[in-house]
Amino acid sequence: MIEGSGLQDMKVIVFQLKDEEYGVEVDQVRSIERVEHITRVPSTPDFVEGVINLRGVVTPIIDLRKRFEIEAIDHTDTTRVIIVTVGNMDVGLVVDAANDVIDISRESVEPPPEVVGSLEAEYIQGVAKLEKRLLILLNLDKVLNRTEREQMKDIERSV
């Protein structure tokens, strides 16, 4: 079971990457946006798409497919950018689709499975079993570690 504030439900934004459903807690999400023009920034990690001007704020954009080493695809009408707060900083996560907002009982969340050799596994906070679905809950602090967050702040400052 995932530790948290008691056993009450948590609200989760569900999104799609390839054939899998992922989730992040609503309180970490600032907004969900359509993909706008992303300005590429030189000398950034491969998974950093660039930056956008979101309501006057320069926001770094990360492609989660590249971050999780899933083959890249072109953006479609369903592609979304989920703006999340990670370590006092807003970052956009490019996802295939943002599906819905659901309540999950903390009791239904199990610790991440021990998957040998899976890069993605280190980013998982837990797995929620929902009827016939499995929902992978992301640990955003691991998706972008402290060093990478510093790089994102440098990108914001350099633009």
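Here is a short report on the structure shown in this document. From a predicted model like this one, the values you see are computed outputs, not experimental measurements.

### Points about the overall build of the protein chain
Counting its regular elements, the protein chain contains three helices and 11 strands. Its helices and strands taken in sequence order, the protein chain reads β-β-β-β-β-α-β-β-β-β-β-β-α-α from the N to the C terminus. Here the C-alpha atoms of the protein chain give a radius of gyration of 15 Å, agreeing with the 15 Å that 2.2 N^0.38 yields for 159 residues. Principal-axis analysis of the C-alpha atoms gives the protein chain an extent of 45 × 35 × 30 Å. Summed over all atoms, the accessible surface of the protein chain reaches about 8800 Å², with 46% contributed by carbon and sulfur. Each charge sign in the protein chain was given a centre, from 19 positive and 31 negative side chains, and these centres are 3 Å apart.

### Concerning the sheet that holds strand β4 (residues 48-54)
As a general point, the strands of a sheet are linked pairwise by backbone hydrogen bonds and lie either parallel or antiparallel. Pairing is mixed across the open sheet formed by five strands, whose spatial order is β3-β6-β7-β5-β4. Of all the strands in the sheet, just β3 (29-34) and β4 have a single pairing partner and so form its edges. Averaged over all neighbouring strand pairs, the angle between strand axes comes to 30 degrees, with direction disregarded. When strand β5 (residues 57-63) meets strand β7 (residues 90-95), the two strands line up parallel, connected through three bridges. Following the sheet pairing, Ile61 is matched in β7 by Gly92. Here helix α3 (residues 146-158) sits on the sheet in contact with β4, β5 and β7, set at roughly 135 degrees to β5.

### Digging into the environment of Leu138
Looking at the secondary structure, you find Leu138 in strand β11 (residues 133-138). For Leu138, a relative accessible area of 2% corresponds to the buried category. It is 8.6 Å that separates the C-alpha atoms of Leu138 and Glu25, two residues lying 113 residues apart in sequence. Apart from the residues within four sequence positions on either side, Leu138 is in contact with Phe15, Tyr22, Gly23, Val24, Leu64, Phe68, Tyr123, Gln125 and Val143.

Here is what the cut-offs are and how they apply
- Residues numbered from 1 in each chain as written.
- Predicted model: local features only at pLDDT ≥ 70, side-chain atom pairs only at ≥ 80, totals over all residues.
- Heavy atoms only, no water.
- Helix = DSSP H or I, 4+ residues; strand = E, 2+ residues; numbered from the N terminus.
- Rg over C-alpha atoms; globule rule 2.2 N^0.38 Å.
- Areas by Shrake-Rupley, 256 points an atom, 1.4 Å probe, with all protein chains shown as cover.
- Lys, Arg positive; Asp, Glu negative; His and termini not counted.
- Charge placed at Lys NZ, Arg CZ, Asp CG, Glu CD.
- Pairing = 2+ DSSP bridges.
- Axes fitted to C-alpha atoms, helices over the stretch in contact; angles between N-to-C directions.
- Contact = heavy atoms within 4.5 Å.
- Buried < 20%, exposed > 50% of the residue type's maximum accessible area, 1.4 Å probe, protein only.

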